[in-house]
Amino acid sequence: MSANRRMWTQLLLLVVVASVSFSGCSKMKRLWPFGSKRSLQNPDGEIFTSPQGSFFDPVGGEVTALDNMPTDYLDIDPSTGDVTGIPHQALPPAGAPLGTTSELPIIYFAFDSDQLTAEVQAALDQAAQWILNHPQYIIQIEGHCDERGTVEYNLNLGQRRADRVREYLVGRGVNPAILTPTSYGEERLADPGTTEEAHAQNRRVQFVVFE
Amino acid sequence: MINRSPFFSLPRAQSPHIPSFAWLKLLLCCALCLTPGFASAQVGQRADGTLVIDPRSPDDFEFKIAIPSFEPLTPGAPLPDTKTIIEGIYLNLTLLSEFATPTSQANIERLRAQERPTGKINFAAWRAMGMQLLLIGRTSLTGDQIRTTVELHETDKESLVYRSEYKNFSNKSPRHLARYIANDVIKKVTFKDGLALTQIAYVGGQGSKSWKKEIHLMYADGGDVRKLTNENTTVAAPAWGMNGTEIYYTSWRRNNPDLYGVQIRGGAPWLISGQPQLNISPHWSQKNQRVVLTLAMDGNSEIYTMDRRGENKQRLTRTSAVDSSPNWSPDGRQIVFTSNRGYGQQLYIMDKDGWGMRRLTQMGTGYNYNDGGVWSPDGRKIAFSCRYRGRFEIAVVNAADGEGFQMLTNSAGHVSGSEGNQDPSWSPDGSRIVFTSEKTGVKQIWVMKANGKRQYPLTRSAYNLSPAWGDL
């Protein structure tokens, strides 16, 4: 059962990698197919525009200067308009987790930030090595936030934190199919206090190991 | 020619008690048109002392109603808890419609005790007390069943507004009988559907330390709370679903924020959307028969719509920014949502197919973080959570042009550590807003008038948030 599942996820990964490599590069410089005729009425002209060039806008609009896209944003494939990045393949594991391990330490973030500091990256390098050495596990990456901000904003922020960690680990060679990022927003606080120390404890990504 | 129109030949349907109100309404319309300063001095009463009853009355207008203790239907009959019934009627009237809080119930009881033996109502005395309306109730208790008759009198016209009988109400919740009576009073007096029988869905928990939460339902007066789900884990952000008989909500029961649906009468929840990563912030459009929600399966939060089985998925936004918190317009043609695609986190509006994007809220002094936009039922306003001086406040803007920014709450008096007020949700008639407030240091659900006045806490248990007002 488990081997079967792994086979399927690897097959899926293969298909995704193949499709990206076939379609990605050639189409990235193509203009948005709808052209400027159906471009949006932009209220103040600058809202969708970054300093480096034109930002992507929803469904309609023209995409130019993709080569100058800021690097901290995921690439956008203009043929579909989809954010490519690393698509999610794995659904979260069902059942009870095995638990946490000190080999996969809790990672902390700055206020309202999903950036990985150099210190965090070093810790993630170690974690990636441990995960590579234990390929039998599925690793849930839980993104958490402090309670400042709306519930929905924090769910999205937790998702971004988990995704940054996942992307970093995949960049270190971990199979994306065994990583299941998820967000808890401000729903599961490590420290329910309202001090700055409590908030800092809550802004975290923690790993939970599943069979 | 014109006289052949069926509209002219039809007799006008009139009940014997309503004409006085119809006449007053007509007169008020004229008065409003002709006299600019009308509203200032005589709120609710004209110079000749007659009562003004009109839904378009000024914001701070309040009816004064006297409700003496209910009397026995037959002498010596056992009575239900009449104090709870009367308090429940007052609570619903003051909380959910434009009625004044009673100042002296003792005076009301004394006057009623004086006039009762005479068998007549001393309207002049009630008028002298400032009362425009008088509700006289008679009740009896047989086993578990409450039977009640009420009469509503208008003191100025010295006339009966309505008389009604309420049978087969269970003594387990006298408050529920109070809701029915209050709702009828509101309907007869304001000509609007009352809110007393509407319900609010929300997330309730054991405190911020516990991550186990459940979706709860309560009536709009905060009473008769019941637990709807049995998730035994974290849940978030309920929304009312199809026909107002379903609730859609996010649960982590599979260790991921997935979207589920459940009938409000109970039963097993079904999975609506179980994509990897977020399946959050649902909102249902009865016109389109579709849920709009936030999914993050593309590696980034985007707005999708789907039907209530999670099928026929359609993606509406395609940016590398975070797009979240969508909410349908009442006509189902547009969606307001939150995005950080520009500078700050602002509200945007798009057509239901993702076209026609425009920004609604502007970066202003002190606020660059807006979230949770909700359309008013008449489609004119959008209320949202707006961060101002480090705390959230409920604010509104015009849906048409983003103008008319108005902050409805002020959390300056909250305890330190409070996050202020957030998560607004409109009542079905648009006259009230329910929201989450941390005024006391704990998240609780509060209700206020749509102009921000008369804020009142509906919940007082450990920890409650994310209210959604249903129109059932």
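Predicted, not measured: the structure shown is a model, and the values here were computed from it. (Residues numbered from 1 in each chain as written. Chains lettered and ligands numbered in written order. Predicted model: local features only at pLDDT ≥ 70, side-chain atom pairs only at ≥ 80, totals over all residues. Heavy atoms only, no water.)

1. Let's talk about the overall build of chain A
Next, step 1: Scanning chain A from N- to C-terminus turns up 4 helices and 8 strands.
Next, step 2: Reading chain A from its N end, one meets helices and strands in the order α-β-β-β-β-β-α-β-α-β-α-β.
Next, step 3: Summed over its atoms, the accessible surface of chain A is roughly 10,200 Å², and 55% of this surface lies on carbon and sulfur atoms. (Helix = DSSP H or I, 4+ residues; strand = E, 2+ residues; numbered from the N terminus. Areas by Shrake-Rupley, 256 points an atom, 1.4 Å probe, with all protein chains shown as cover.)

2. Details of unusual backbone geometry
All names here are of chain B.
Next, step 1: The backbone phi angle of E158 is positive, close to 50 degrees, even though this residue is not glycine.
Next, step 2: For E158, the location among the structural elements is in the loop between strand 4 (145-154) and strand 5 (159-170).
Next, step 3: In this structure, R389 takes a positive phi of about 55 degrees despite not being glycine.
Next, step 4: Relative to the elements of secondary structure, R389 occurs in the loop between strand 22 (381-388) and strand 23 (391-398).
Next, step 5: Residue classification places R389 among the exposed residues on the basis of a relative accessible area of 71%. (Buried < 20%, exposed > 50% of the residue type's maximum accessible area, 1.4 Å probe, protein only.)

3. So, the pattern of salt bridges
Next, step 1: Per the stated rule, a full pass over the model turns up 34 salt bridges over all chains.
Next, step 2: Two residues, A:E186 and B:K443, come together in a salt bridge whose shortest N-O distance is 3.3 Å. Linking A:E186 in the loop between strand 7 (179-185) and helix 4 (196-202) with B:K443 in the loop between strand 26 (432-437) and strand 27 (444-449), this pair reaches from one chain into another. In terms of burial, A:E186 and B:K443 fall into one category: buried. (Salt bridge = Lys/Arg side-chain N within 4 Å of Asp/Glu carboxyl O.)

4. Regarding the sheet that holds strand 27 of chain B
Residue and element names in this part refer to chain B.
Next, step 1: Judged by pairing direction, the sheet is antiparallel, and its 4 strands sit side by side in the order 25-26-27-28 without closing on themselves. If you trace the sheet from one side to the other, it starts and ends with strand 25 (421-426) and strand 28 (456-457), each paired once.
Next, step 2: Across 6 bridges, the pairing between strand 26 and strand 27 is antiparallel. Within the sheet, the bridge partner assigned to I433 lies in strand 27 and is M448.
Next, step 3: Contacts from helix 4 (residues 82-96) reach strand 26, strand 27 and strand 28, with the element oriented near 95 degrees to strand 26. (Pairing = 2+ DSSP bridges. Contact = heavy atoms within 4.5 Å. Axes fitted to C-alpha atoms, helices over the stretch in contact; angles between N-to-C directions.)

5. So, helix 5 (residues 105-115) of chain B
Given 3.6 residues per turn, any residue in an α-helix points the same way as the ones three and four places further on.
Residues and elements named next belong to chain B.
Next, step 1: By the burial criterion, the buried members of helix 5 are I108, L111, R112 and E115. All buried residues of helix 5 lie within an arc of 100 degrees about the axis, which places them on one face of the element.
Next, step 2: For helix 5, the secondary structure elements touched by its buried residues are strand 1 (65-66), strand 2 (71-72), helix 4, helix 6 (123-128) and strand 3 (133-142). (Arc of directions from axis to C-beta.)

6. Focus: the confidence of the model for chain A
Next, step 1: Confidence in the prediction for chain A averages 68 pLDDT; 55% of positions are at 70 or higher.
Next, step 2: Throughout residues 17-85 of chain A the model reports pLDDT below 50, and contacts reaching past four residues in sequence, or to other chains, amount to 122 contacts. (pLDDT = per-residue confidence, 0-100.)

7. Side note on the nonpolar core
All names here are of chain B.
Next, step 1: With 35 residues, the main nonpolar core has I65, I89, I181 and V185 as its most contacted residues.
Next, step 2: Where this core is concerned, the elements lending two or more residues are strand 1, helix 4, helix 5, strand 3, strand 4, strand 5 and helix 7 (174-190).
Next, step 3: With 7 residues, the top contributor of residues to this core is helix 7.
Next, step 4: Setting aside its immediate chain neighbours within four residues, I181 contacts F70, I89, L135, T148, V150, Y162 and Y166. (Core = buried A, V, L, I, M, F, W, Y, C linked by side-chain atoms within 4.5 Å.)

8. A short note on the environment of B:N232
All names here are of chain B.
Next, step 1: Among the structural elements, N232 can be located in the loop between strand 8 (226-227) and strand 9 (235-240).
Next, step 2: For the pair formed by N232 and K213, sequence separation is 19 residues and the distance between their alpha carbons is 6.9 Å.
Next, step 3: Among residues more than four places away in sequence, those in contact with N232 are W211, K212 and E214.

9. Regarding the sheet that holds strand 19 (residues 346-351) of chain B
All names here are of chain B.
Next, step 1: Taken in spatial order, the 4 strands of this open sheet run 17-18-19-20, and their pairing is antiparallel. The open sheet terminates on both sides in strands that have one partner only, identified here as strand 17 (323-328) and strand 20 (358-359).
Next, step 2: As defined by bridge partners, strand 17 adjoins strand 18 (residues 334-339) across 4 bridges and the pair is classed as antiparallel. The partner of S324 across the bridge, within strand 18, is T338.

10. Thoughts on the pairing of strand 7 of chain A
Residues and elements named next belong to chain A.
Next, step 1: Within strand 7, 7 of the 7 residues are buried, which leaves it mostly tucked inside the rest of the structure.
Next, step 2: Residues of strand 7 alternate between two faces, with L179, P181, S183 and G185 on one and T180, T182 and Y184 on the opposite face, all of them buried.
Next, step 3: The sheet contact formed by strand 6 (residues 138-144) and strand 7 spans 6 bridges and is parallel. The residue of strand 7 that forms the bridge with G143 is S183.

11. Brief notes about the side chain of B:S273
All names here are of chain B.
Next, step 1: Tracing the backbone through its elements, the reader meets S273 in strand 12 (residues 270-273).
Next, step 2: Overall, the relative accessible area of 2% leaves S273 in the buried class.
Next, step 3: Of note is the side chain of S273, whose polar atom sits 2.7 Å from the side chain of N279.
Next, step 4: Ignoring any residue separated from it by four or fewer positions in sequence, one finds S273 in contact with D258, L259, N279, L293, L295 and M306. (Polar contact = N/O pair within 3.5 Å; in protein donor to acceptor, adjacent residues only side chain to side chain.)

12. Quick notes on the packing of helix 4 of chain B against helix 7 of chain B
All names here are of chain B.
Next, step 1: At a minimum axis separation of 8 Å, helix 4 and helix 7 run at an interaxial angle of 45 degrees. What the angle tells us is that helix 4 and helix 7 run oblique. Between helix 4 and helix 7 lies a crossing of right-handed hand. The residues of helix 7 that touch helix 4, namely those facing T84, I85, G88, I89, L91, N92 and L93, are P174, R175, L177, A178, R179, I181, A182, V185 and I186.
Next, step 2: Residues that form the contact of helix 4 with helix 7 fall into these classes: 11 nonpolar, 3 polar and 2 charged. (Parallel < 35°, antiparallel > 145°, perpendicular 65-115°, else oblique. Left-handed = near helix turned anticlockwise from the far one by under 90°. Nonpolar A, V, L, I, M, F, W, Y, C, P; charged D, E, K, R; others polar.)

13. Quick word on the packing of helix 2 (residues 118-133) of chain A against helix 3 (residues 151-171) of chain A
Residue and element names in this part refer to chain A.
Next, step 1: For the pair helix 2 and helix 3, the least separation of the axes is 9 Å and the interaxial angle reads 60 degrees. Looking at the two axes, helix 2 sits oblique to helix 3. Relative to helix 3, helix 2 is oriented so that their crossing is right-handed. The residues of helix 3 that touch helix 2, namely those facing Q121, L124, D125, A128 and I131, are V165, Y168 and L169.

14. Looking at the packing of aromatic side chains
Next, step 1: Per the stated rule, a full pass over the model turns up 12 aromatic pairs over all chains.
Next, step 2: With a centroid separation of 5.0 Å and an interplanar angle of 70 degrees, the aromatic rings of B:F169 and B:Y180 are classed as edge-to-face. Linking B:F169 in strand 5 with B:Y180 in helix 7, this pair joins segments that are 11 residues apart in sequence.
Next, step 3: One aromatic cluster in this structure is built from A:Y153, B:Y369 and B:F392.
Next, step 4: When the ring centre of B:Y348 is taken as origin, the NZ or CZ atom of B:R341, which lies over that ring, is 5.2 Å away. (Phe/Tyr/Trp six-rings, centres within 6.5 Å; stacked < 30°, edge-to-face > 60°. Lys NZ or Arg CZ within 6 Å of the ring centre and 35° of its normal.)

15. Let's talk about the environment of B:G470
All names here are of chain B.
Next, step 1: Locating G470 in the fold gives a position in the segment after strand 29 (463-469).
Next, step 2: Relative accessible area serves as the criterion here: at 0%, G470 is assigned to the buried category.
Next, step 3: It is 6.5 Å that separates the C-alpha atoms of G470 and G244, two residues lying 226 residues apart in sequence.

16. Regarding the environment of B:I335
All names here are of chain B.
Next, step 1: Mapped onto the secondary structure, I335 falls in strand 18.
Next, step 2: Along the sequence, I335 and G373 sit 38 residues apart, while their C-alpha atoms lie 9.6 Å from each other.
Next, step 3: Ignoring any residue separated from it by four or fewer positions in sequence, one finds I335 in contact with V292, T305, L316, P326, N327, W328, Y348, I349, M350, K352 and W375.

17. A few points about the pairing of strand 21 (residues 370-375) of chain B
Residue and element names in this part refer to chain B.
Next, step 1: By the criterion of burial, strand 21 is predominantly enclosed, with 6 of the 6 residues buried.
Next, step 2: Sheet topology note: the strand 21/strand 22 ladder contains 4 bridges and is antiparallel. Bridge assignment links D371 to a residue of strand 22, and that residue is S385.
Next, step 3: Once strand 21 ends, the chain turns through 5 residues before running back antiparallel as strand 22, passing G379 with a positive phi of about 80 degrees.

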